[in-house]
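Residue-level structure breakdown
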Amino acid sequence: MFSRQVENNLQRKTFWHRIIAKKISAPVVILFLAIASLSVSFIVAREGYVMGVTILCGLIALPIAYASVVYPEFGIIALIVASFFINFASRFLPEPTPIGLVIDGLTYLLILGFFIRQKKEKNWSYFNDPISWFILIWLAYNLFEIINPNSPSILEWVFTVRTVGFIMLMYFVFVYHIRSRECIKLLLKVWVALAFISGLSAIQQEYFGLFPFEQEWLHRFPERFKLLFIGGHLRKWGLFSDPVVYAYNMVAAALICISMLFRDNKPAKKILLIFLTIFFFTVMLYSGTRASYVIIPAAILMLAILKFNKKIFVMVLTGGLLLGVLIVMPTSNPTLSRFQSAFKPSKDASFEERARNQARIKPYILTHPFGGGLGSVGVWGERFAPNSYLAKFPPDSGYVRVAVELGYIGLLLYCIFNFVILYKGISYFYLIRDPDLKAYCLAMVLIIFAFDFGNYPQQAFVQYPSNILSFLAMALLNITMRLDIEQRKLNAA
């Protein structure tokens, strides 16, 4: 034991001796570092602190870029982390700062790493499955929209496909580079940890008030404040762009924790998972997003169907009774009142407004089989075709947005695409034998189902990090099945 420790210390000493004494202390290296430091000092003194920050960002970005290409697992984690913090960072940066280029850069680097590795391995068998084929079909349909004659401006398509298309390609990157259960476990831990940080951010917003830069962001546009301040209570959004994205991601994290309870965990881990589940469901209420309140019982019902037994039945029945009590009990709490209103849509003014908007746009959808063009609704439509019929239309629902932009043909294709993913995910769940991989697959099925369900009252897939995490969930369905098959072959050998 002692000799091994001495050997390890000697190896560490030899390593640092090699790096510090022989490499960095070389005259050429010292001369280069001296010239570089003097050059940077001169540039910062002449151009100002902005140039200094730019150089610092470059020094950080270069090793991250290298690691993302050479070590794709690191790149995937960096992409997920960036997708969680991208909107938070934008609040204390000047409005025109192209912060989205960080996500674009990471996706381009991961795609580059994919082709470099694929050139060496030449293995396309990972993508020979229905989910991969339907993602390619959906991607091709979105690219086909460039020739849509109803699109008022091609720039809408260009700016929308830049994010939609490349984020879609992340599915293939995930499927190809995630090759072990340890990697899956690490990714899920990172996912839950980032969601927990966002939950803490919402607690800070709820009980301690907003940071000055959050206050400035909130009041930057009057429409934003009117949207978030409802019934005398400010809806919370954590690290994300809006309360809807925040709420849906809290639900997703809670579903991961619930699914992990079905693994053979130690009691301490089970207690931690139960605590996290309660935490995520509680902080989700601060968002005031009624759609998220509805998708929770829907996801739990799906869980009960997939894992039907006496214990699950009792748990779901108890949860249903508690939900019923919460819905009908009298309260003066604004958060609980908004929760109750989610289950009474006939008394919800916003629900009625959505119904009127959908009725108004229905004739347009029926007469435009390929829609008005990708990006014709929302930010890019207002920017590049502000006088068009669709620019000011509030789609609210993700399915309505698809129908308006891509037509009823696109909506049909999109629904088939979602059905195939859920069908294969459920099939894989029943086929997988390994309990850990089975739990991972279950979590992804529940998340995809919850997002599909929540995509009707809101847009569940368009914002960071939901768009990236949804394709990660789809990829993990295939990965868990593949790893289970590989493990069976090893056991049989």
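Model, not experiment: these values are computed from the prediction. (Residues numbered from 1 in each chain as written. Predicted model: local features only at pLDDT ≥ 70, side-chain atom pairs only at ≥ 80, totals over all residues. Heavy atoms only, no water.)

Below, the discussion takes up the overall build of the protein chain. A count of helices and strands for the protein chain gives 20 helices and 2 strands. For the protein chain, buried positions account for 46% of its 493 residues. Across the protein chain, the fraction of contacts at a sequence separation of at least 24, relative to all contacts at a separation of at least 6, is 77%. Accessible surface for the protein chain amounts to roughly 25,600 Å². Of this, 72% is attributable to carbon and sulfur atoms. (Helix = DSSP H or I, 4+ residues; strand = E, 2+ residues; numbered from the N terminus. Buried < 20%, exposed > 50% of the residue type's maximum accessible area, 1.4 Å probe, protein only. Contact = heavy atoms within 4.5 Å. Areas by Shrake-Rupley, 256 points an atom, 1.4 Å probe, with all protein chains shown as cover.)

A contiguous nonpolar patch, built from F144, I146, I147, I154, L155, V158, F370, Y408 and I409 and spanning about 770 Å² of accessible area, is present on the exposed surface. Contributions of two or more residues to the nonpolar patch are made by α7 (154–177) and α18 (398–431). When residues in the nonpolar patch are grouped by element, the largest group, 3 residues, is from α7. You can see V158 is positioned in helix α7. (Patch = residues over 30% accessible without salt bridge, like charges linked within 9 Å, V, L, I, M, F, W, Y side chains within 5 Å. Salt bridge = Lys/Arg side-chain N within 4 Å of Asp/Glu carboxyl O.)

Looking now at the packing of aromatic side chains. For the coordinates displayed, the defined rule picks out 33 aromatic pairs. Summarising the aromatic geometry, the rings of F114 and W124 are spaced 6.0 Å apart at their centres and angled 70° between planes, so their arrangement reads as edge-to-face. Of the two residues, F114 is situated in helix α5 (residues 101–121) and W124 in the loop between α5 and α6 (130–144); the sequence distance between them amounts to 10 residues. The rings of F114, F115, W124, Y126, F127, Y171, F172 and Y176 are connected pair by pair, giving a single aromatic cluster. Sitting above the plane of the W217 ring, R91 keeps its charged end 5.0 Å from the centroid. The ring of F159 has R383 lying over it, and the distance from NZ or CZ to the ring centre is 5.4 Å. (Phe/Tyr/Trp six-rings, centres within 6.5 Å; stacked < 30°, edge-to-face > 60°. Lys NZ or Arg CZ within 6 Å of the ring centre and 35° of its normal.)

All right, on to the packing of helix α8 (residues 181–208) against helix α19 (residues 435–454) then. Taken N-terminus to C-terminus, the directions of α8 and α19 make an angle of 45°; their axes are 11 Å apart at the nearest point. As summarised for this structure, α8 and α19 are arranged oblique, according to the angle between their axes. α19 is crossed by α8, and the crossing has left-handed handedness. Side by side, α8 and α19 meet where R181, I184, K185, L188 and W191 of the first sit next to D436, L437, Y440, M444 and I447 of the second. Looking at the contact of α8 with α19 residue by residue, the classes come out as 7 nonpolar, no polar and 3 charged. (Axes fitted to C-alpha atoms, helices over the stretch in contact; angles between N-to-C directions. Parallel < 35°, antiparallel > 145°, perpendicular 65-115°, else oblique. Left-handed = near helix turned anticlockwise from the far one by under 90°. Nonpolar A, V, L, I, M, F, W, Y, C, P; charged D, E, K, R; others polar.)

Position of H368 among the secondary structure elements: in the loop between α16 (349–367) and α17 (379–384). Residue classification places H368 among the buried residues on the basis of a relative accessible area of 19%. If sequence neighbours within four positions are ignored, H368 has contacts with N150, G407 and Y408.

So, on to helix α12 (residues 267–284). Because the α-helix completes a turn every 3.6 residues, residues three or four places apart line up on one side. Given a rise of 1.5 Å per residue, 18 residues ought to cover 26 Å, and the 26 Å separating the end C-alpha atoms of α12 matches this to within 8%. What α12 keeps buried is the set L273, L276, T277, F279, F280, V283 and M284. For α12, the arc enclosing every buried residue in end-on projection is 165°, short of the 170-degree limit, so these residues lie on one face. In α12, the exposed residues that point more than 90 degrees away from the buried face are P267, A268, I271 and I278. (Expected span 1.5 Å × (residues − 1). Arc of directions from axis to C-beta.)

Here we take up the pattern of salt bridges. Two side chains with opposite charge may pair up if their charged atoms get near one another. The full count for this structure, using the stated rule, is 9 salt bridges. Between D434 and R181 there is a salt bridge; the shortest N-O distance is 3.0 Å. Remark: R181 occurs in helix α8 and D434 occurs in the loop between α18 and α19; sequence separation between them is 253 residues. Side by side, D434 and R181 carry an identical accessibility label, which is buried. The partner of E206 in a salt bridge is K236, and the shortest N-O contact between them spans 2.8 Å. Pair noted here: E206 is in helix α8 and K236 is in the loop between β2 (233–234) and α11 (243–260), with a separation of 30 residues, a long-range link.

On to the environment of I103, then. If you trace the backbone, I103 turns up in helix α5. I103 sits in the buried class, given a relative accessible area of 0%. For the pair I103 and S83, spaced 20 residues apart in sequence, the C-alpha separation works out to 6.9 Å. Beyond its immediate stretch of four places on either side in the chain, I103 contacts L79, A82, S83, I86, I167, Y464 and I468.

What follows covers unusual backbone geometry. Look at the link from Y464 to P465: it is a cis peptide, with omega at 0°. Within the secondary structure, P465 is located in the loop between α19 and α20 (466–492). Even without being a glycine, K122 presents a positive backbone phi close to 50°. Tracing the sequence through the fold places K122 in the loop between α5 and α6.

Let us now look at the nonpolar core. Residues I178, W191, F280 and M444 are the most contacted members of the largest nonpolar core, which totals 115 residues. The greatest single-element share of this core, amounting to 15 residues, is contributed by α11. The contact partners of W191, leaving out residues within four places of it in the chain, are F84, A252, I256, M444, I447, L469 and L472. Counting 9 residues, the second-largest nonpolar core is a separate cluster that includes I365, V377, F393 and V400. (Core = buried A, V, L, I, M, F, W, Y, C linked by side-chain atoms within 4.5 Å.)

Turning to the packing of α19 against α20, a few remarks are in order. Following both chains from N to C, one finds α19 and α20 inclined at 145°, their axes separated by 9 Å at the closest point. As α19 runs across α20, the sense of the crossing is left-handed. Contacts between α19 and α20 pair L437, Y440, C441, M444, V445, I448 and F451 from the former with S466, S470, A473, M474, L476, L477, T480, L483 and D484 from the latter. Its residues assigned to classes, the contact of α19 with α20 comprises 12 nonpolar, 3 polar and 1 charged.

Residues K185, K189, K266 and K269 make up a contiguous surface patch of positive charge. One can find K269 in helix α12. (Lys, Arg positive; Asp, Glu negative; His and termini not counted. Charge placed at Lys NZ, Arg CZ, Asp CG, Glu CD.)

Bringing the side chain of Q205 into the picture now. Structurally, Q205 can be placed in helix α8. Setting aside residues up to four positions removed in sequence, Q205 forms contacts with L210, E214, K236, W237 and G238.

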